[in-house]
Amino acid sequence: MRKRVEKPSKEKVDRVDSAIEEEPKRKTADDYQCSGHLQLDFTELCKLMGVKEIPSVKLKRPRILESRMTKWSPGRCLQIELEKEEHNNVKEVKISGWTVDELMLRVLSKLLPSLSNLQCLRMWCIGLTDRTFTSMKNTVSLCSNLRKVVLEGNPLPEQSYHLLLGEDSMLTDLSLRNNRIGEEGARLIGSALSNTHSANKNLLSLNLAYNSIGDAGALHIAQGLRLNRSLLCLSLSYNHIGDNGAARLAEVLGPFALTHEEIVERRKLLIKGDQSEMVQSSLVSLADSHEQALSVPSNSSLDQISKSAKHTTKKKDTPRKEEKPAQSPAAKKEEGKVAKKDNKASRSQTGKVGGKDKNLPVSEQEGTSSSQAVEVTVDTVIPLLDPGIVHTGGKVIHPGNTCLTSLNLSGNELTEQSLKVFLLSLESQCEGGLLRLSLSKNHFPSDCETFLKIQEMMSHKHPLSKNSSSQVEDEYGEAKTISPA
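Computed from a predicted model, the values in this text were never measured in an experiment.

Explain helix H8 (residues 243–253) here, please?
Three- or four-residue spacings in an α-helix give side chains the same orientation, since the helix completes a turn every 3.6 residues. Summarising burial for H8: eight of the 11 residues are buried, a large majority. Considering only its buried residues, H8 is in contact with helix H7 (214–225), strand S9 (256–257) and helix H14 (416–428).

What follows is the structure in structure tokens.
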């Protein structure tokens, strides 16, 4: 006889299946949902990604109490600053003095974009490479409210810092001190500030102090200032800049002649503006003709005609024209109204840079030339279509950059020769222009006549009183506010 084999009961099979289903799946970093509490999220993400030595998270001390030894103190930690002491409301993150490798960058790429109120990211001497810098740049672009980035003490072989201030960058404040930026880095940064085809529209402050830009690099920065109309503050202190580089920077502030490439681009914009104006005017005239045809019946009085002209949306006498399609004229009429409305709305936007009024004289003027037609279709003033441009002596002269309000050239190699160029440019600035020009610790005596004239001019533009303050740089090149005695 065969031995009877017992079949497993249905209950046992169900019990095994349920045990397998109840076994929890292993959580990964990709599955983790950040809560907004930085300390908890950071620790958990480090564990999930296998970080062996997890840095600590500390509340940032007030900057007044920080000393130089504190900045150089060893230790792997994230310093954070909270808004209203709420742990779910981090507004600043500082990483200082330890190497951030690719694994840690993966943690930060998951963590930082989840901080909805993050406004400032400070990274000092964190050992970035060209590869890890690209990863950090991508993380910065994902932080919706991040407006200030401080990246200092991180020299890169490819000097690709310009990626942080591209045309689509939302940063308003960028500090790149102590990064050994030379001529090539300055060329890339200058091109990112502006060229004939594009320009950065959001950056307000750029700190390039304590680099090696030199005269050659200063020429590239000056080139970037020709058509940039957003940058307000620029620091080039301690960069081995001499008279040649300083003179080019000074020339951009006053009237300068457009290059052949800029003239060609200006003509293209003028032609484009003429075409845009012709299209809009034809749409408006076509709409007006349909309005009159629909609102003026044969037995109307003069009063009814004027009333119909004012209130074109009311058509009480249109039944006599039923053979014509009513939708087509109405659609064209509505199109004309939209064109008029957009025309007025875009004109009201003229003179605003990045949605903010910079109080530029260029934006306050409205001319009837064809160059103004382009301003109707864009949100920012196009420098190549500045109404102050004049033709003289066979050259096209631009009124200059009057948007920059603060320029720091302290600790360079300027002599009285370049100061004379600055004086001429400042005298030619009718409205707006520089309010602060820092020239201390250069190669000219403090009592030279040109320097005294520049100081007097600056004091008239921006007089310091007991109720006002001025920004200077401390011994480490960091901006601080002082009040005059």
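Could you clarify how one ought to interpret the environment of Asp101 in this entry?
By secondary structure assignment, the location of Asp101 is in the loop between strand S3 (90–96) and helix H4 (102–111). Asp101 sits in the partly exposed class, given a relative accessible area of 42%. Separated by 2.9 Å, the side chain of Asp101 and the backbone nitrogen of Met104 make a polar contact.

Is there a simple way to think about the confidence of the model for the chain in this case?
Interpretation of the predicted coordinates at a detailed level should be avoided for regions scoring low in pLDDT. This prediction gives the chain a mean pLDDT of 77; 65% of its residues lie at or above 70. Here residues 290–335 is modelled with pLDDT under 50, and outside its nearest four sequence neighbours on either side it reaches 26 contacts, counting other chains as well. Every residue in residues 465–477 scores below 50 in pLDDT, and together they form 39 contacts with partners more than four places removed in sequence or on other chains.

Honestly, the packing of aromatic side chains in this entry has me stumped. Any pointers?
Pairs of aromatic rings are described using the distance from one ring centre to the other and the angle between the two planes. All told, the structure shown has three aromatic pairs when counted by the stated rule. Consider the rings of Tyr210 and Tyr238, whose centres lie 4.7 Å apart with planes at 10°: the pair is stacked. In this pair, Tyr210 is assigned in the loop between strand S7 (205–207) and H7 and Tyr238 in the loop between strand S8 (233–235) and H8, connecting sequence segments 28 residues apart. On the accessibility criterion, Tyr210 (24% relative accessible area) is partly exposed. Take Tyr238: its relative accessible area is 27%, and that puts it in the partly exposed class. Between Phe444 and Phe451, the aromatic rings sit 5.1 Å apart at their centres with planes inclined by 50°, giving tilted as the arrangement. Take Phe444 and Phe451: they sit in the same class, and that class is buried.

Before we go on, may I ask you to explain the packing of helix H2 (residues 38–48) against H4 in this structure?
Viewed as axis vectors pointing N to C, H2 and H4 meet at an angle of 140°, and their least axial separation amounts to 10 Å. Considering their axes alone, H2 and H4 lie oblique with respect to each other. In the crossing of H2 with H4, the sense of the turn from one axis to the other is right-handed. Contact with H2, carried on its side by Leu38, Asp41, Phe42, Leu45 and Cys46, involves Met104, Val107, Lys110 and Leu111 of H4 and no other residues of that element. Split into classes, the residues belonging to the contact of H2 with H4 amount to seven nonpolar, no polar and two charged.

Help me out: how do you make sense of the sheet that holds strand S13 (residues 395–398) in this one?
Two pairing modes exist for strands in a sheet, parallel and antiparallel, and in both the strands are linked by backbone hydrogen bonds. What the three strands build is an open sheet, ordered S9-S13-S12; its pairing is antiparallel. Each edge of the open sheet carries a strand with a single partner, namely S9 and strand S12 (390–392). Two elements, S12 and S13, share three bridges in a ladder whose sense is antiparallel. Among the inter-strand pairings, Val390 is bridged to a residue of S13, identified as Ile397.

Which parts of the structure should I look at to understand the nonpolar core?
The nonpolar side chains of a soluble globular protein tend to be buried, and buried together. If you look at the biggest cluster of nonpolar residues, it comprises 82 residues, and the most contacted ones within it are Leu38, Val93, Leu206, Leu208, Leu234 and Phe422. Not counting the four nearest positions on each side in its chain, Phe422 is found in contact with Ala246, Ala250, Leu253, Leu407, Leu409, Leu414, Leu437 and Ile454. Within the second largest apolar cluster, 11 residues are counted, among which are Leu227, Leu258, Ile382 and Val396.

Reading the values: the criteria
- Within any chain, residue numbers begin from 1 and follow the written order of that chain's sequence.
- Local features in a predicted model are, by the rule used here, given only for residues with pLDDT of at least 70; side-chain atom pairs are given and counted only at 80 or more, and totals for whole chains, interfaces and linings are based on all residues.
- As a convention, hydrogens and water are excluded, and side-chain values are obtained from all of the structure's heavy atoms.
- Relative accessibility thresholds used throughout: buried, under 20% of the residue-type maximum; exposed, over 50%; partly exposed, between the two (1.4 Å probe, protein chains only).
- Strands are runs of DSSP state E lasting at least 2 residues, helices are runs of H or I lasting at least 4, and numbering of each runs from the N terminus.
- It only takes one pair of heavy atoms within 4.5 Å for two residues to be counted as in contact.
- Here a polar contact is recorded for every N or O atom pair within 3.5 Å, except that within protein the pair must consist of a potential hydrogen donor and a potential acceptor, and residues adjacent in sequence are included only if both atoms are side-chain atoms.
- Confidence scores here are pLDDT values: one per residue, from the predictor, ranging 0 to 100.
- When the centres of two rings from Phe, Tyr and Trp lie within 6.5 Å, Trp using its six-membered ring, the rings pair. Their planes under 30 degrees apart give stacked, over 60 give edge-to-face, and anything left gives tilted.
- Where helices are involved, their axes are fitted lines through C-alpha atoms of the stretch in contact, as for all axes, and angles between N-to-C directions lie from 0 to 180°.
- Here roughly perpendicular refers to angles of 65 to 115 degrees, roughly parallel to angles under 35, roughly antiparallel to angles over 145, and oblique to all remaining angles.
- Crossing chirality is assigned from the near helix's rotation relative to the far helix, an anticlockwise turn below a right angle marking it left-handed and a clockwise turn marking it right-handed.
- For this scheme, ten residues count as nonpolar: Ala, Val, Leu, Ile, Met, Phe, Trp, Tyr, Cys and Pro. Four count as charged, namely Asp, Glu, Lys and Arg, and the remainder, Gly too, count as polar.
- Following DSSP output, two strands are said to pair if at least two bridges run between them.
- What is meant by a nonpolar core is a set of buried Ala, Val, Leu, Ile, Met, Phe, Trp, Tyr and Cys residues, joined one to another through side-chain atoms within 4.5 Å.

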